[in-house]
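As a plain string of letters, each chain reads:
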Amino acid sequence: DPGLGPLSAGQAENAFWDPAYFIEHAPPQRSIPRGERHTRSELVAIANSYFDGLSAHNGKIIIAHEGCVRIENGALTTQRPIAGGGLTDCTAEGPMANIYAITARRYLVDEVAGAALGLALFQRKPGVNMPRNLLAEWFYVDAGKIRSIYAAMYYPGPDAMLPNWP
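Residues numbered from 1 in each chain as written. Predicted model: local features only at pLDDT ≥ 70, side-chain atom pairs only at ≥ 80, totals over all residues. Heavy atoms only, no water.

**Description of unusual backbone geometry**
Phase 1: Across the junction of leucine 162 and proline 163, the peptide omega takes the value -10 degrees, indicating a cis bond.
Phase 2: At asparagine 73, a position not held by glycine, the phi torsion is positive, near 50 degrees.
Phase 3: Tracing the backbone through its elements, the reader meets asparagine 73 in the loop between β1 (64-72) and β2 (75-76).
Phase 4: According to the relative accessible area criterion, asparagine 73 is buried, its value standing at 13%. (Helix = DSSP H or I, 4+ residues; strand = E, 2+ residues; numbered from the N terminus. Buried < 20%, exposed > 50% of the residue type's maximum accessible area, 1.4 Å probe, protein only.)

**Quick word on the pattern of salt bridges**
Phase 1: As enumerated under the stated definition, the model contains five salt bridges in all.
Phase 2: Linking glutamate 72 and arginine 70 is a salt bridge whose minimum nitrogen-to-oxygen distance equals 2.8 Å. For the residue pair glutamate 72 and arginine 70, the accessibility class agrees, reading buried in each case.
Phase 3: For aspartate 142, the salt bridge goes to arginine 147, with nearest N and O atoms at 3.3 Å.
Phase 4: Exposure remark for arginine 147: the relative accessible area of 38% places this residue in the partly exposed category. (Salt bridge = Lys/Arg side-chain N within 4 Å of Asp/Glu carboxyl O.)

**Quick notes on the pairing of β1**
Phase 1: The pairing of β1 with strand β6 (residues 145-154) spans five bridges and is classified as parallel. Residue pairing in the sheet places alanine 64 in a bridge with isoleucine 146 of β6.
Phase 2: Note that β1 and β2 share two bridges and pair antiparallel. Among the inter-strand pairings, isoleucine 71 is bridged to a residue of β2, identified as leucine 76.
Phase 3: Where β1 folds back onto β2 in an antiparallel hairpin, the turn is made up of two residues, including asparagine 73, whose phi is positive at roughly 50 degrees. (Pairing = 2+ DSSP bridges.)

**Some thoughts on helix α3 (residues 40-56)**
Phase 1: The end-to-end C-alpha separation of α3 is 24 Å, in line with the 24 Å expected for 17 residues at 1.5 Å each.
Phase 2: Looking at α3, one finds that the buried residues are Leu43, Val44, Ile46, Ala47, Ser49, Tyr50, Phe51, Gly53 and Leu54.
Phase 3: Looking at the buried side of α3, the elements it contacts are β1, β3 (99-110), β4 (115-124), β5 (133-142) and β6. (Expected span 1.5 Å × (residues − 1). Contact = heavy atoms within 4.5 Å.)

Any link to function would need more than the numbers given here.
See the structure below:
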């Protein structure tokens, strides 16, 4: 998109993107038994713990299963080797380094599927040569913890008035 500007266009061109992986590992289509469902408030709090953990640069406050996966624009962004053994998961702190704050959070919830859609804006630390990004992340929750996250990112130009919801 020519309106993105050179920095944003470059970031977008280098973004994770793997439609074939996404097709093979699509979000679950499920119906949680009534007695095992979480309330809207519980699902929002669990999803919000992820954004809080990213903003605080502290993966320990994210309410997630060990080994939770994150798929961004179809590409797996977790399950990478860690020095000393093990694999990254959705609580890994490395990707949090350039996030200043996660603002304009909004949620849509599907209690039957045990999922919450978080809409937000990643703000960058002052001086970081990386644009903010508008995102949507589906959080799939099992037994009160995030099991998987499916994210879609958009990198607006620096002059874009985002988010534009009230």
